[in-house]
Amino acid sequence: MKNLGFFLLISLITVFFSCRREDDLTTDSSARLSFSLDTLTFDTVFTQLGSTTERFTIRNNNDQMVRISSISLREGSNSQFRFNVDGISGYSVKDLEIRGGDSAFVFVEVTVDPTNQSSPLVVLDAIEFETNGNHQEVILEAWGQDAYYYTSLYDVPGFPPLSFISDYYPNQINVLLPNDKPHVIFDYLVVDSLVNLTIQEGTQIHFYRDGGLWAYRGSNLQVQGTMGNEVVFQGYRTEDYYNELPGQWDRIILNESPRDHVFEYAIIKNGYIGISAESYYLDGNFQLAPNNLVLNNTVIQSMEGLGLLTRNYNVKANNSLFVDAQNQLVALLGGGDCDFIHCTLANYWSYGNRQEATVYASNIFEISPYQVVGDLDVYFGNSIIYGSGSEELEADSVDDGDFNLLFDHCAVRTELTESEVSWFSNTLINPESDFGYGNPFFLNLGDDDFSLYSTSVAVDAGDPNITGALTIDLAGNTRDNLPDIGSYEYIP
């Protein structure tokens, strides 16, 4: 009898609350939903690749529960969009109930079908809601872009998955990448030996996850951007959230070449290492690269590892900007003749702790089981080396090779003094200012604006003899007879 009474009680409670639940459900045609937005927009999505997931909120502002009889995509199964609401994904959901004053999330993705056209296209659809006879909708808008795709074709032991540029441009020694559509590189795209690859102005190169570009020994890379029409290397996500997010792809690798690898007006951002320039390791032997890596008016920014890494390589960097890396912005190892003129190196890494200095120079490096020692000459002229750390300069050397380091008419954040080392000539050591703590130079760190303000210590601090032919700064402004240090000239 006890058990019978207990089950009767449970049944009565269940009926009571079931009735209350039905009584609490409104069927009034005036009960409408509200949404966190009226149009959900996806930034440029590459054809064949899915988007990130975007979301919006359905809210029931009524006192009573509402039942949404239908949530569906207008285009149904033909839609290029997909959604998930209340854990149910697909093209249509029936009878979703939302309690009074409560809300639900709708998650949306899109894949744009290829159209083989150069200009961006827009894909439109809508999620339609039927509630008590009311029809409401949220517009879905995705901007799509067709692209050239490079997928890995070879799995070679000891190497990342890769394909060769000759797989896509056969029988060509001189390859000119078209700039009418973006290029999306999966894994590694390798420039074959003896192939000259030219990337013309305005070309957009996107890397998928661990992808990269590798100019193999004996090949050559020429990046020919122009001011306002730069060549951009970045991850494949184009949404605002990913714009400067580091670590989205791997790196650009440069081996020795018959002539200089040149980057002119290039932007390299949000990878692991911007450029890794190193002479090719062969049978335990590293030779100094016979050519230079030339960086003119180039920006390397937001790297999860390093901005520029060299091993036995020569560098000529002019009017270039290096911004934010978790480790060094510039690491010069082994041998090489490395000159940086009118460059700005600013490391204010904000994605966690940073332990490394902005610049590291050493005439030795190790690749187990080998130790490589070279002759290293490093010169910074009319340049800024600064950041959020108290020590932004680190150097190491062994006597088996030459080691020369000079900062000439520069500004360096360091705890070293001229009495401790002989590396400084007419250089501002650890300067500060009243403009902002730790910011004696830059106009707006929060907006990544590394131009100068009027009372910056960099203004008129340069040497015109070092400037030489670099009379135009990174922004296209003319330097005066008393040039400012760094990649930007102050313009009132």
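Structure shown above.
Residues numbered from 1 in each chain as written. Predicted model: local features only at pLDDT ≥ 70, side-chain atom pairs only at ≥ 80, totals over all residues. Heavy atoms only, no water.

Asker: How should the sheet that holds strand S4 (residues 66-73) be read in this particular structure?
Answerer: Within a sheet, neighbouring strands are paired by backbone hydrogen bonds and run either parallel or antiparallel to one another. What the 5 strands build is an open sheet, ordered S2-S10-S9-S4-S7; its pairing is mixed. Each edge of the open sheet is held by one strand with a lone partner, namely strand S2 (39-46) and strand S7 (92-98). On average, each strand axis in the sheet is inclined to that of its neighbour by 20 degrees, with strand direction left out of account. Both S4 and strand S9 (residues 121-131) contribute to a ladder of 5 bridges, which runs antiparallel. The partner of Ile-68 across the bridge, within S9, is Thr-131. (Pairing = 2+ DSSP bridges. Helix = DSSP H or I, 4+ residues; strand = E, 2+ residues; numbered from the N terminus. Axes fitted to C-alpha atoms, helices over the stretch in contact; angles between N-to-C directions.)

Asker: Help me out: how do you make sense of a nonpolar patch on the surface in this one?
Answerer: Among the surface-exposed residues, Leu-153, Tyr-154, Val-156 and Phe-159 lie close enough to one another that they form a single nonpolar patch of about 330 Å² accessible area. Along the polypeptide, Leu-153 turns up in the loop between strand S11 (148-150) and strand S12 (162-164). Owing to a relative accessible area of 48%, Leu-153 belongs among the partly exposed residues under this scheme. (Patch = residues over 30% accessible without salt bridge, like charges linked within 9 Å, V, L, I, M, F, W, Y side chains within 5 Å. Areas by Shrake-Rupley, 256 points an atom, 1.4 Å probe, with all protein chains shown as cover. Salt bridge = Lys/Arg side-chain N within 4 Å of Asp/Glu carboxyl O. Buried < 20%, exposed > 50% of the residue type's maximum accessible area, 1.4 Å probe, protein only.)

Asker: Looking at this model, I keep getting lost on the nonpolar core. Mind explaining?
Answerer: Across soluble globular proteins, nonpolar side chains show a tendency to be buried alongside one another. Ranked by internal contacts, the top residues of the largest apolar core, which has 60 residues, are Phe-233, Phe-263, Ile-275 and Phe-340. In terms of residues, this core owes the most to one element, strand S16 (residues 204-215), which gives 4 residues. Leu-33, Phe-83, Val-108 and Ala-142 belong to the second largest nonpolar core, which has 29 residues in total. (Core = buried A, V, L, I, M, F, W, Y, C linked by side-chain atoms within 4.5 Å.)

Asker: It is not clear to me how the pairing of strand S21 (residues 266-269) should be interpreted in this structure. Could you clarify?
Answerer: Within a regular strand, side chains alternate between the sheet's two faces. The pairing of strand S18 (residues 231-235) with S21 spans 3 bridges and is parallel. In the sheet register, Phe-233 faces S21, and the bridge partner there is Ile-268. The sheet contact formed by S21 and strand S24 (residues 299-303) spans 3 bridges and is parallel. In the strand pairing of S24, Ile-267 is matched with Val-299.

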